[in-house]
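Letter by letter, the chains look like this.
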Amino acid sequence: MSIAAGAPSRAEVLTLFRSFLRVARKFTDYNIREYTKRRTIDAFRQNRNLTDPSAISAAFSDGKAQFEVANRQAVVYSLYAPKLKSVMEVHK
Amino acid sequence: MALRAALLRHVRIPAQTLNPALTLTGGKWGPPSLRWMSSHDDHLSKSEVTERVLSVVKSFPKVDPSTVTSDVHFQKDLGLDSLDNVEIVMALEEEFKLEIPDKEADKIDSTNLAIEYIYNHPMAG
């Protein structure tokens, strides 16, 4: 964790948020796709009112680490894509 | 074999012209210059883009649908924050099957700009 690095700018945080939503879309499994999206939105919202620069940096680097995990998992899950669609996405 | 050849010489099937409505050019698909399944000419109309953009914004959970018009600012008029703004632009990407680059997506902060951007995008569908 690089808390020493200055707090991320607003634009950097929004870019991370958008990147998360983009990687969430890549999951082939409906449940994981929706979970990743929901979890992203909840987490960013939860940390919305952080003011302490070190807390912001910590949350941001934690987010970046989680983003790497999501990226890797999207690849792994794509290798084991469900053979059937979820009933939730059939009537779209 | 001789019988087959004799038969074939006498049997005639009248040549049929295809029903004009079923040919790939012209007919009910409009002017003959429009090729079937060609996506280049059927650009979305402005009213269709407007309607679909507004319906996406209206279906956003935090938005009161009655306040949405084709000229509202997401954050100033609808009381949303920057995270909501990103979410709406992502929802618009999904609706129109687009991939909007981050730089452009950051600029879209009102229904008016969203409609303009999508209307002028060649791949919007």
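These numbers were taken from a predicted model, which means no experiment stands behind them.

About the cut-offs
Residues numbered from 1 in each chain as written. Chains lettered and ligands numbered in written order. Predicted model: local features only at pLDDT ≥ 70, side-chain atom pairs only at ≥ 80, totals over all residues. UniProt positions renumbered as here; feature names shortened; annotations may be inferred. Helix = DSSP H or I, 4+ residues; strand = E, 2+ residues; numbered from the N terminus. Contact = placed C-beta atoms within 7 Å. Nonpolar A, V, L, I, M, F, W, Y, C, P; charged D, E, K, R; others polar. Expected span 1.5 Å × (residues − 1). Buried ≥ 20, exposed ≤ 12 C-beta atoms within 10 Å, placed from the backbone. Core = buried A, V, L, I, M, F, W, Y, C linked by C-beta atoms within 7 Å. pLDDT = per-residue confidence, 0-100. Axes fitted to C-alpha atoms, helices over the stretch in contact; angles between N-to-C directions. Parallel < 35°, antiparallel > 145°, perpendicular 65-115°, else oblique. Left-handed = near helix turned anticlockwise from the far one by under 90°.

Colleague: Would you take a moment to explain the UniProt feature "domain: Complex 1 LYR protein" (unreviewed entry) in chain A for this structure?
Modeller: Per the UniProt entry, the sites bearing "domain: Complex 1 LYR protein" (unreviewed entry) are residues 12–68 of chain A in this numbering. Structurally, residues 12–68 of chain A is divided into 84% helix and 0% strand, and its ends, taken at the C-alpha atoms, are 16 Å apart.

Colleague: Explain the interface of chain B and chain A to me, please; I cannot follow it from the model alone.
Modeller: A common way to express how large an interface is: the accessible area buried when the components associate. Taken together, the contacts link 7 residues of chain B with 8 residues of chain A. Looking at the side of chain B that touches chain A element by element, the count peaks at 5 residues for helix 4 (residues 82–96) of chain B. For the side of chain B that touches chain A, the residue count by class is 4 nonpolar, 1 polar and 2 charged.

Colleague: Help me out: how do you make sense of helix 4 of chain B in this one?
Modeller: Side chains of residues three or four places apart in an α-helix project in the same direction, reflecting 3.6 residues per turn. Between the first and last C-alpha of helix 4 of chain B there are 21 Å, a value that for 15 residues agrees with the 21 Å anticipated at 1.5 Å per step. Those residues of helix 4 of chain B lying buried are N85, V86, E87, I88, V89, L92 and F96 of chain B. Looking at the buried side of helix 4 of chain B, the elements it contacts are helix 1 (10–26) and helix 2 (30–46) of chain A together with helix 2 (46–58), helix 3 (74–77), helix 5 (102–107) and helix 6 (111–119) of chain B. Of the residues trailing helix 4 of chain B, K97 of chain B is marked for its positive phi of about 50°.

Colleague: How should I be thinking about the UniProt feature "domain: Carrier" (unreviewed entry) in chain B in this particular structure?
Modeller: UniProt tags residues 47–122 of chain B as "domain: Carrier" (unreviewed entry). The span residues 47–122 of chain B shows a helical share of 61% and a strand share of 0%, and its end C-alpha atoms are spaced 16 Å apart.

Colleague: Which parts of the structure should I look at to understand the nonpolar core?
Modeller: Nonpolar side chains in soluble globular proteins generally cluster together in the buried interior. Within the largest apolar cluster, 29 residues are counted, with the highest numbers of intra-cluster contacts made by F17 and F20 of chain A together with V53, V89, L92, A114 and I118 of chain B. For this core, the secondary structure elements donating two or more residues are helix 1 and helix 3 (53–79) of chain A together with helix 2, helix 4 and helix 6 of chain B. At 6 residues, the largest contribution of residues to this core is made by helix 1 of chain A. Among residues more than four places away in sequence, those in contact with V53 of chain B are L92, T111, A114, I115 and I118 of chain B.

Colleague: Quick question: what am I supposed to make of unusual backbone geometry here?
Modeller: Residues apart from glycine generally show negative phi values, whereas peptide bonds are mostly found in trans. Phi angles above zero are rare outside glycine, and K97 of chain B is one such case at about 50°. A residue is classified by how many C-beta atoms lie within 10 Å of it, and K97 of chain B, with 9 of them, is exposed.

Colleague: Even after reading the chapter, I still don't get the confidence of the model for chain B, so can you show me in this structure?
Modeller: Low pLDDT means the predicted atomic positions in that stretch should not be read closely. Scored by pLDDT, chain B has a mean of 82; 74% of the residues are at 70 or more. Scored as a complex, the prediction yields pTM 0.76 and ipTM 0.84.

Colleague: For this particular structure, what's the right way to read the packing of helix 2 of chain B against helix 4 of chain B?
Modeller: Angle between the axes and distance between the axes are the two parameters that describe a pair of packed helices. Residue and element names in this part refer to chain B. In contact at an axis separation of 10 Å, helix 2 and helix 4 are set at 135° when each is read in the N-to-C sense. With respect to each other, helix 2 and helix 4 are oriented oblique. Like other packed secondary-structure pairs, helix 2 and helix 4 cross with a definite hand, here right-handed. Packed against helix 2, whose contacting residues are R52, V53, V56 and V57, the element helix 4 presents I88, A91, L92 and E95 at the interface. Tallied by class, residues from the contact of helix 2 with helix 4 come to 6 nonpolar, no polar and 2 charged.

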